[in-house]
Amino acid sequence: MSFKTKFQLSFMMFLEFFIWGGWFVTLGTFLGNNLNATGGEIAQAFSTQSWGAIIAPFIIGLIADRYFNAERILGVLHLVGAFLMYQMYQADEFALFYPYILGYMILYMPTLALVNSISFSQMKDPAKEFSPIRVFGTIGWIVAGLVISYIFIWDSPESIQAGMLKNTFLMVGIASAVLGLFSFTLPKTPPSVNKDEKVSVADMLGLDALKLLKDRNFLVFFISSILICIPLAFYYQNANPFLSEIGMENPTGKMTIGQASEVLFMLLLPYFFTKFGFKKTIIAGMLAWTARYLLFAYGDAGSLTFMLLLGIALHGICYDFFFVSGQIYTDSKAGEKYKSAAQGLITLATYGVGMLIGFWIAGQITDNYLISENSHDWASIWRFPAIFAFAVAIIFALLFKNEKIEYKE
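On a predicted model such as this, the values are computed, not experimentally measured, just so you know. (Residues numbered from 1 in each chain as written. Predicted model: local features only at pLDDT ≥ 70, side-chain atom pairs only at ≥ 80, totals over all residues. Heavy atoms only, no water.)

Draft legend 1. Quick peek at the packing of aromatic side chains. The tally for this structure, following the rule as stated, stands at 51 aromatic pairs. Seen in terms of ring centroids, Phe 323 and Tyr 351 are 6.2 Å apart; in terms of plane orientation they differ by 45°. Their pairing is tilted. For the residue pair Phe 323 and Tyr 351, the accessibility class agrees, reading buried in each case. Measuring from centroid to centroid gives 5.7 Å for Tyr 329 and Phe 400, while their planes differ by 65°, and the two rings are edge-to-face. Placement of the pair is Tyr 329 in helix 13 (residues 315-368) and Phe 400 in the segment after helix 14 (378-399), with a sequence separation of 71 residues. Here Tyr 329 matches Phe 400 in class, with each residue buried. The ring of Tyr 89 is capped by Lys 166, whose NZ or CZ atom sits 4.9 Å from the centre of that ring. Here the guanidinium or amino end of Arg 292 rests over the ring plane of Tyr 235, the centre of that ring lying 3.7 Å away. (Phe/Tyr/Trp six-rings, centres within 6.5 Å; stacked < 30°, edge-to-face > 60°. Buried < 20%, exposed > 50% of the residue type's maximum accessible area, 1.4 Å probe, protein only. Helix = DSSP H or I, 4+ residues; strand = E, 2+ residues; numbered from the N terminus. Lys NZ or Arg CZ within 6 Å of the ring centre and 35° of its normal.)

Draft legend 2. Structural context of the domain arrangement of the chain. Partitioning the chain into structural domains gives domain 1 (1-186) and domain 2 (206-404). Of note, the centres of domain 1 and domain 2, computed from C-alpha atoms alone, are 21 Å apart. Taken together, the contacts link 31 residues of domain 1 with 26 residues of domain 2. When domain 1 packs against domain 2, close to 2400 Å² is buried across both sides, 64% of that on carbon and sulfur atoms. At the boundary of domain 1 with domain 2, the tally comes to zero salt bridges. For the side of domain 1 that touches domain 2, the secondary-structure elements that each account for two or more residues are helix 2 (27-34), helix 3 (39-64) and helix 6 (126-151). Ranked by residue count, the leading element in the side of domain 1 that touches domain 2 is helix 3, at 11 residues. (Domains from an automatic or database assignment. Contact = heavy atoms within 4.5 Å. Buried area = accessible area lost by both parts, 1.4 Å probe. Salt bridge = Lys/Arg side-chain N within 4 Å of Asp/Glu carboxyl O.)

Draft legend 3. Expanded view of the packing of helix 10 (residues 216-245) against helix 14. Contact pair helix 10 / helix 14: the axes reach a minimum separation of 10 Å and the direction vectors enclose 165°. Taken together, helix 10 and helix 14 sit at an angle that is classed as roughly antiparallel. Where helix 10 crosses over helix 14, the handedness of that crossing is left-handed. Along the lines of polarity and charge, the residues of the contact of helix 10 with helix 14 split into 21 nonpolar, three polar and two charged. (Axes fitted to C-alpha atoms, helices over the stretch in contact; angles between N-to-C directions. Parallel < 35°, antiparallel > 145°, perpendicular 65-115°, else oblique. Left-handed = near helix turned anticlockwise from the far one by under 90°. Nonpolar A, V, L, I, M, F, W, Y, C, P; charged D, E, K, R; others polar.)

Draft legend 4. Highlighting the pattern of salt bridges. Inspection of the entire model under this criterion finds two salt bridges. Where Asp 215 meets Lys 333, a salt bridge forms, and the shortest distance between an N and an O atom there is 2.8 Å. Here the residue Asp 215 occupies a position in the loop between helix 9 (201-205) and helix 10, and Lys 333 occupies one in helix 13, the gap between them amounting to 118 residues. Judged by its relative accessible area of 23%, Lys 333 is partly exposed. For Glu 403, the salt bridge is made with Lys 333, and the minimal N-O distance between the two is 3.1 Å. Here the residue Glu 403 occupies a position in the segment after helix 14, and Lys 333 occupies one in helix 13, the gap between them amounting to 70 residues. Salt bridges here are not isolated pairs; linked through shared partners, they connect Asp 215, Lys 333 and Glu 403.

Draft legend 5. Here's a closer look at the environment of Phe 7. Considering the arrangement of structural elements, one finds Phe 7 in helix 1 (residues 3-21). Between the C-alpha atoms of Phe 7 and Ile 133, which are 126 residues apart in sequence, the distance is 8.7 Å.

Draft legend 6. Just the layout of surface pockets, in detail. Space inside the second largest pocket adds up to approximately 450 Å³. Among the secondary structure elements, those contributing two or more residues to the lining of the second largest pocket are helix 2, helix 3, helix 7 (157-161), helix 10 and helix 13. The leading source of residues in the lining of the second largest pocket is helix 10, at five residues. Broken down by class, the residue content of the lining of the second largest pocket amounts to seven nonpolar, 14 polar and three charged. Shared between two domains, the lining of the second largest pocket takes at least three residues from each, and those domains are domain 1 (1-186) and domain 2 (206-404). (1 Å grid on protein atoms, 1.4 Å probe; cavity = no way out; pocket = protein on both sides within 12 Å on 5 of 7 lines; lining within 4 Å. Points joined across faces, edges and corners; volume = space filled by probe spheres on them.)

Put into structure tokens, the structure is as follows:
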């Protein structure tokens, strides 16, 4: 791969995740403080990610894989996304805001598959070449958080009250327009499927991989994956509003510690996977969710700030040990024939179904523990996902029979 292509793909990944991290992290804080949204309404807004994940396979399967070059579709989706971001920036009530965020996420979620397709089409050995490109996505997410907290200081108590967080949508809208235009300069990635070839709903949603559920171990893993996404949704939806409400300084910037730890544990994962095996690695990932939420429940923004920072830093174990290990396990069980179908099915089950349920439950529980306007009983809120994640870990440990899975990059 030439230096020019490496730069193009790296810059594409950087902007793709700068765009997501530049508004999604502070969304709950913005909605609660500036649009006076309830926990249920905030859950609706976050659930658009799940609807996007459910609809994305249709956009990819019916359009991207058959009729148009991937880089052109990426360009169009981000240019329309820039327009929708500007509309979100201007919205002054939740009823106006919601249709735009729903439309945006239906367009954004397919781009996650498109940037991977564009990258893979330029690689001779994706196992070795993809990670150094993909890491720029994580760097993009981190930079977005640091810019919000330390350059523009939009997440300080005074800025939040002044409504400055709405500027995140403007910043991301500009980045989306830049990526939209830049996409047309990316290496050409023609359709991978003949447009006359018939494609079924089962193909697009990975339903062919349902055959794998006859394997008891894979069924246990599949159900556990859906269930663990319920506590996961609490983090995405509530972490930033929680840290902002209890008075932590630069909460969005400090949350990027989670992405930095994700990179670190991605590098350590092969060691843990090889030494301890799949079952113990994935249980460690589940128990890390319990530990994180207990740290959030009993930490504070004063002398116990270290507990909150440790809870954020556990993101690497929480995410990599469960989701990345799960992808490797799914690949090994599916084999070549069902590999992409199985990954599609797991994505649909987790980011689609699991998190849709999780966001709804998180919204209900957050509203239930509202003390007064913008004041919550956070210890009670965080105890629920802590207990839930622990229960999932116990069920998985009891029902999943140990099997040897080789680590594959």
